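Secondary and tertiary structure notes
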2 protein chains.
Amino acid sequence: MEKFEVIILGCGCALPTSKHFNAAQVVNLRNKLFLIDCGEGTQIQFRRNKLNFNKLGHIFISHLHGDHFFGLMGLISTFNLLGRTAQLYVHAPTPLRKILQPQLDYFCQEINYEVILDEIDSTKHQLIFEDRSVEVWSLPLNHRVPCCGFLFKEKPLKKHIIASKIKQYNIPIYAINAIKDSKDYTLPDGTIIPNDQLTTPADPARSYAYCSDTSYLPKLAEYLQNVDILFHEATFGEDKVNLARATYHSTAAQAATLAKNSHVKKLFIGHYSARYDDENILLNEARNIFPESFLTKEDDIIQI
Amino acid sequence: MEKFEVIILGCGCALPTSKHFNAAQVVNLRNKLFLIDCGEGTQIQFRRNKLNFNKLGHIFISHLHGDHFFGLMGLISTFNLLGRTAQLYVHAPTPLRKILQPQLDYFCQEINYEVILDEIDSTKHQLIFEDRSVEVWSLPLNHRVPCCGFLFKEKPLKKHIIASKIKQYNIPIYAINAIKDSKDYTLPDGTIIPNDQLTTPADPARSYAYCSDTSYLPKLAEYLQNVDILFHEATFGEDKVNLARATYHSTAAQAATLAKNSHVKKLFIGHYSARYDDENILLNEARNIFPESFLTKEDDIIQI
């Protein structure tokens with residue numbers, strides 16, 4: 001299996017505490033890194049996890065609240081000091097440009113690489129990035145400011161060619177990719193070997209969804225069906241369901257209900273309110289509804 | 001002795017590393033806190049050092065480079081989330097208002113306390129703050145952007161009254177402050193007890209100077225004479241004296257030369273370039289010139 005994992009850099013709520021950093025995660029797909037959210041301290045956590053800054057080309061910011069955003073200028077500055085020359089994309093809802101551009105203009109007057117700001121329409125579920133291995137789709141969320149989640153969908157993978165068949169039919173290297181792409185193979189004497197005799201099925205394409213911050217939004221299930229891993233905020237427990245509603249956040253039970261209705265494989269929760277000394281309270285409330293629920297913590301690596 | 005100490009929250013250079021946080025120090029004078037510089041992660045370090053946010057009323061920013069500034073918005077936001085109502089002053093050179101005000105306007109739309117921005121003329125040595133126990137003076141520095149250091153001068157202290165004399169002359173409580181302020185005491189029978197029989201001399205008023213970032217500036221000695229503790233940046237060693245000049249930074253030897261010429265009691269250095277794995281190289285270069293030189297590191301407490 002090709003690498004597809006999520007590294008948790010921070011999973012705290014609004015206040016950075018001695019226990020949690022602010023929101024930030026890195027998606028590592030085949031050694032390309034994608035950063036989701038960038039709270040204060042993200043660059044410190046990035047280094048601590050020995051992640052390679054040069055492998056990062058795209059940053060996805062869910063919304064412009066400080067705990068998801070205040071680490072961004074520091075990261076961009078540090079890249080410049082380290083001599084980056086490759087373009088860096090920042091995808092985020094409005095008012096990204098209004099807030100970030102004046103800071104870029106002042107703090108990065110001698111920048112040696114291009115920062116491309118991509119303002120997302122956070123009200124739509126749409127493709128915001130793709131390369132040959134992944135599509136990233138926005139997930140419209142419901143928070144106090146424009147906010148969206150992100151759905152990482154691995155593109156369909158190639159079939160596996162059976163090694164012994166290469167030898168048996170003396171298949172040349174140049175023909176292998178076509179076979180992995182489901183083509184039959186024609187021997188020099190004109191005999192056609194059907195593809196299903198040469199290959200085993202491709203690994204299923206995997207997917208990862210990130211939903212933070214948002215009030216409980218049942219209709220998200222429409223976009224999240226059969227996702228492998230769902231990260232969903234669980235700021236509060238059931239004791240604070242009214243506060244969750246008032247602040248446009250979710251409870252652990254609501255996150256679990258969404259996971260259940262979306263038939264995801266596993267749910268990971270985070271963005272815990274600092275009031276919960278023991279986050280197992282949140283975990284237990286989630287597991288009562290969706291047993292495959294797990295807590296995140298800093299430096300965790302989630303295999304997709 | 002009344003408390004007068006400096007807590008090092010960060011003493012790294014431009015890049016936060018796994019070893020050092022960006023520039024930030026807290027001056028604790030009689031349990032009032034003053035923050036000097038506010039690099040990314042300052043609020044995390046503030047908490048880690050169990051400092052009380054409510055004791056902080058004034059922040060002094062030397063200059064608007066990210067490694068001295070990027071933690072400020074997070075700190076201001078966190079104070080708001082924690083329910084602060086007391087005014088907060090931010091003293092910094094230009095263009096403080098231009099950079100910070102748009103962020104305050106966006107990120108702190110529902111702020112419950114007043115943030116007062118005080119733009120300092122960084123070209124002048126002048127009084128920028130005083131209360132009943134301290135004066136804070138700007139120190140004009142020479143960096144790539146407007147930049148100043150800060151000189152904390154404790155106000156003259158009161159004399160110590162000799163406890164046995166209170167009993168001997170039956171001195172009432174209301175009279176004690178006047179005696180500490182050098183007044184003589186008149187007994188009910190008209191006898192005058194001279195003040196020097198009632199008191200021992202006041203502790204000498206102490207001072208702390210912070211100089212970062214700056215090229216070597218010999219004329220600073222004029223403002224730093226007999227300062228108790230001088231913090232001075234020492235970004236480079238003598239191997240990089242030309243780079244220090246080109247980037248408007250100082251070497252450890254230059255910091256030590258200034259300390260020597262200023263007759264300070266002790267020199268503390270920091271703002272180390274990340275290239276020095278072993279900062280003792282810098283320390284040794286400083287001690288060759290000024291033996292009372294010391295390294296700073298995170299969470300150190302320097303007694304003034």
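Residue indices begin from 1 for each chain and proceed along its sequence in written order. Think of it this way: whatever chain is written first is A, whatever ligand is written first is 1, and the rest follow in order. Whole-chain, interface and lining totals are the exception, using all residues; otherwise, since this is a predicted model, local features are given only for residues with pLDDT of at least 70 and side-chain atom pairs are given and counted only at 80 or more. Only hydrogens and water are set aside; all other atoms, that is, all heavy atoms of the structure, feed into the side-chain values.

Side note on the overall build of chain A
- Helix and strand assignments come from DSSP, with helices taken as H or I runs of at least 4 residues and strands as E runs of at least 2, each series counted from the N terminus. Helix and strand content of chain A: 10 helices and 18 strands.
- Dimensions along the principal axes, computed over C-alpha positions, put chain A at roughly 75 × 55 × 35 Å.
- The cut-offs for exposure are 20% and 50% of the maximum accessible area for each residue type, with area from a 1.4 Å probe on protein chains only; residues under the lower value are buried, those over the upper are exposed, and the others partly exposed. For chain A, with 304 residues in total, the buried portion stands at 58%.
- By the convention used here, residues are in contact when the closest approach between their heavy atoms is within 4.5 Å. Sequence-distant contacts in chain A: of pairs separated by 6 or more residues, those separated by 24 or more amount to 63%.
- To be clear on the numbers: accessible area is Shrake-Rupley with a 1.4 Å probe, and residue cover counts the displayed protein chains and nothing else. Total accessible area on chain A stands at roughly 13000 Å², and carbon and sulfur atoms take up 50% of it.
- Counting rule for charge: Lys and Arg are taken as positive, Asp and Glu as negative, and neither His nor the chain ends is counted. The atom standing in for a charge is NZ when the residue is Lys, CZ when it is Arg, CG when it is Asp and CD when it is Glu. In chain A, which carries 32 positive and 34 negative side-chain charges, the distance between the mean positions of the two groups comes to 4 Å.

Here's the deal with unusual backbone geometry
All names here are of chain A.
- Going from Thr 94 to Pro 95, the amide bond is cis rather than trans, its omega being 0 degrees.
- With respect to the helices, strands and loops of the structure, Pro 95 is situated in the loop between strand 5 (88-93) and helix 3 (96-107).
- Residues other than glycine seldom take positive phi values, yet His 271 does so here, at roughly 60 degrees.
- Among the residues examined, His 271 registers a relative accessible area of 3% and is labelled buried.

A word on the relation of the copies chain A and chain B
- To superpose the copies, least squares is applied to the C-alpha atoms of every residue with a pLDDT of at least 70 in both. With an RMSD of 0.2 Å, chain A superimposes on chain B once it is rotated by 180 degrees and translated 0.1 Å along the axis. These values place the two chain copies in the arrangement generated by a two-fold rotation axis. Of every C-alpha in chain A, the one belonging to Gly41(A) sits nearest the axis of rotation, 2.7 Å from it.
- With an isologous cut-off of 70% or more, the 100% of interface residues of chain A that recur at the interface of chain B puts this contact in the isologous class.

Considerations on empty space enclosed by the protein
- The distinction between a cavity and a pocket rests on a 1 Å grid over the protein atoms alone: a 1.4 Å probe fits inside a cavity but cannot get out, while a pocket stays open yet meets protein on both sides within 12 Å along at least five of seven lines, and a residue with an atom within 4 Å of a point counts as lining. Grid points are joined across faces, edges and corners, and a volume is the space filled by probe spheres set on the points. Scanning the model with the defined rule gives 3 cavities of 30 Å³ or more in all.
- Considered as a void within the structure, the largest cavity measures approximately 120 Å³ in volume.
- The wall of the largest cavity is formed by Phe69(A), Phe70(A), Leu72(A), Met73(A), Gln103(A), Phe69(B), Phe70(B), Leu72(B), Met73(B), Leu100(B) and Gln103(B).
- Counting only elements with at least two residues in the lining of the largest cavity, the list comes to helix 2 (72-81) of chain A together with helix 2 (72-81) and helix 3 (96-107) of chain B.
- Considering only enclosed or pocket space, the second largest cavity measures out at about 50 Å³ in volume.
- As for the second largest cavity, its lining consists of Gly10(B), Cys11(B), Ala23(B), Ala24(B), Gln25(B), Tyr210(B), Ser212(B), Phe231(B), Gly270(B) and His271(B).
- Each residue is assigned to one of three groups, with Ala, Val, Leu, Ile, Met, Phe, Trp, Tyr, Cys and Pro labelled nonpolar, Asp, Glu, Lys and Arg labelled charged, and all others, Gly among them, labelled polar. Of the residues assigned to the lining of the second largest cavity, the class counts are 5 nonpolar, 5 polar and no charged.

Remarks on the packing of helix 9 (residues 252-262) of chain B against helix 10 (residues 280-287) of chain B
All names here are of chain B.
- Each axis is a line fitted through C-alpha atoms, and for a helix only the stretch in contact is used; angles between axes span 0 to 180 degrees, taken between their N-to-C directions. Contact geometry for helix 9 and helix 10: axes closest at 8 Å, N-to-C directions at 35 degrees. In this structure, helix 9 meets helix 10 at a crossing whose hand is right-handed. Between helix 9 and helix 10, the contacting residues are Ala 252, Ala 253 and Ala 256 on the first element and Leu 282, Glu 285 and Ala 286 on the second.
- Looking at the contact of helix 9 with helix 10 residue by residue, the class counts come to 5 nonpolar, no polar and 1 charged. Handedness of each helix crossing follows the sense of rotation of the near helix against the far helix: counterclockwise by less than a right angle gives left-handed, clockwise gives right-handed.

Looking at the packing of aromatic side chains
- Geometry of aromatic contacts follows a simple scheme: Phe, Tyr and Trp rings, the Trp one being its six-membered ring, pair when their centres are within 6.5 Å, and the pair is stacked under 30 degrees between planes, edge-to-face over 60, tilted otherwise. Under the counting rule described, the total for this entry stands at 26 aromatic pairs over all chains.
- Ring geometry for Phe46(B) against Phe53(B): centres 4.9 Å apart, planes inclined by 25 degrees, an arrangement best described as stacked.
- Exposure remark for Phe53(B): the relative accessible area of 10% places this residue in the buried category.
- With 5.3 Å between their ring centres and 55 degrees between their planes, Phe60(B) and Phe150(B) make a pair best called tilted. Taken together, the residues span a long stretch of sequence, with Phe60(B) in strand 4 (residues 56-60) and Phe150(B) in strand 9 (residues 148-154) at a distance of 90 residues. Of the two residues, Phe60(B) and Phe150(B), neither departs from the other in class, the shared state being buried.
- One aromatic cluster in this structure is built from Phe34(A), Phe60(A), Phe129(A), Phe150(A) and Phe152(A).
- Any Lys NZ or Arg CZ that is within 6 Å of a ring centre and within 35 degrees of that ring's normal is treated as a charge sitting over the ring. We note Arg84(A) situated over the ring of Tyr113(A); from NZ or CZ to the ring centre the distance is 5.4 Å.

Points about the sheet that holds strand 17 (residues 293-295) of chain A
Residues and elements named next belong to chain A.
- For two strands to be treated as a pair, DSSP must find at least two bridges joining them. With mixed pairing, the 7 strands of this open sheet are ordered in space as 7-8-9-14-15-16-17. The two strands at the open ends of the sheet, each matched to only one other strand, are strand 7 (127-130) and strand 17. Strand-to-strand twist in this sheet, taken as the mean axis angle between neighbours without regard to direction, amounts to 20 degrees.
- Strand direction decides the pairing type here: strand 15 (residues 229-233) and strand 16 (residues 266-270), joined by 5 bridges, are parallel. Bridge pairing links Leu 230 to Leu 267 in strand 16.
- The strands touched by helix 10 (residues 280-289) within the sheet are strand 16 and strand 17, with strand 17 carrying the most contacts at an inclination of about 170 degrees.

Description of the environment of Gln126(A)
All names here are of chain A.
- In this structure, Gln 126 sits in the loop between strand 6 (115-120) and strand 7.
- Counting along the chain gives 157 residues from Gln 126 to Leu 283, while the straight-line C-alpha distance between them is 31 Å.
- In this view, Gln 126 contacts Asp 121, Val 136, Trp 137 and Ser 138; residues no more than four positions away in its chain are not counted.

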